[in-house]
Amino acid sequence: MNASPPPPGRVYYLGPEGSFSYILVSQLFGTEFELIACDSFTCVAARLREDPTAVGVLGIENTNSSDVHECIDIMFEEKFCILGEASLKIRMHLIGLKGARVEEIREVYSHRQA
């Protein structure tokens, strides 16, 4: 993170606990902050409007699929300012049943960015 962190308080992020966003906010803010999961980026924005002393973490770029346009739109609409920048290296894996072969795969269910 390039900016000095705010004083201890609340941090809103796209959840749930265990998600990549959660891993990042845990690394950035540790246990001094109350980490609060939201179910959408618009939820993060709404909580920040209600709680102006809090911090929100929004994904701005995904190196696999370019910009996260929804978050950029929220930043401009809400006139939020950026306090810092952080990156999280994410490695994805294709998993399957023991003994299965890649040649046998017929269908893959995944999030579109994965």
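All values derive from a computational prediction rather than experimental measurement. (Residues numbered from 1 in each chain as written. Predicted model: local features only at pLDDT ≥ 70, side-chain atom pairs only at ≥ 80, totals over all residues. Heavy atoms only, no water.)

**Student:** How do you make sense of the overall build of the protein chain when you look at a structure like this?
**Tutor:** In terms of regular secondary structure, the protein chain is built from three helices and five strands. The helix and strand sequence of the protein chain, counted from the amino end, reads β-α-β-α-β-β-β-α. With 114 residues in all, the protein chain has 23% of them scored as buried. Of the roughly 8800 Å² that the protein chain leaves accessible, carbon and sulfur atoms contribute 52%. (Helix = DSSP H or I, 4+ residues; strand = E, 2+ residues; numbered from the N terminus. Buried < 20%, exposed > 50% of the residue type's maximum accessible area, 1.4 Å probe, protein only. Areas by Shrake-Rupley, 256 points an atom, 1.4 Å probe, with all protein chains shown as cover.)

**Student:** Would you mind going over the pairing of strand E1 (residues 10-14) with me for this structure?
**Tutor:** Moving residue by residue along a regular strand, the side chains alternate between the two faces of the sheet. Pairing of E1 with strand E2 (residues 34-38) involves five bridges; the strand directions are parallel. When the bridges of E2 are listed, Tyr12 appears paired with Ile36. Chirality of the crossover, the property in question, places the unit of E1, helix H1 (residues 20-29) and E2 among those that are right-handed. As defined by bridge partners, E1 adjoins strand E3 (residues 55-57) across three bridges and the pair is classed as parallel. Note on E3: the bridge partner recorded for Val11 is Val55. (Pairing = 2+ DSSP bridges. Right-handed = clockwise from strand over helix to strand, strands pointing away.)

**Student:** How should the sheet that holds E2 be read in this particular structure?
**Tutor:** The strands that make up a sheet are held in pairs by hydrogen bonds between backbone atoms, and each pair lies either parallel or antiparallel. The sheet built from three strands is open, its strands ordered E2-E1-E3 with parallel pairing. Unpaired on one side and paired on the other, E2 and E3 mark the two borders of the sheet. Strand-to-strand twist across the sheet, computed as the mean angle between neighbouring axes with direction ignored, equals 25°. Docked against the sheet, H1 engages E1, E2 and E3, running at close to 155° with respect to E1. Each of E1, E2 and E3 touches helix H2 (residues 41-50); the most contacted strand, E1, lies at about 160° to it. (Axes fitted to C-alpha atoms, helices over the stretch in contact; angles between N-to-C directions. Contact = heavy atoms within 4.5 Å.)

Nothing here speaks to function; it is geometry throughout.
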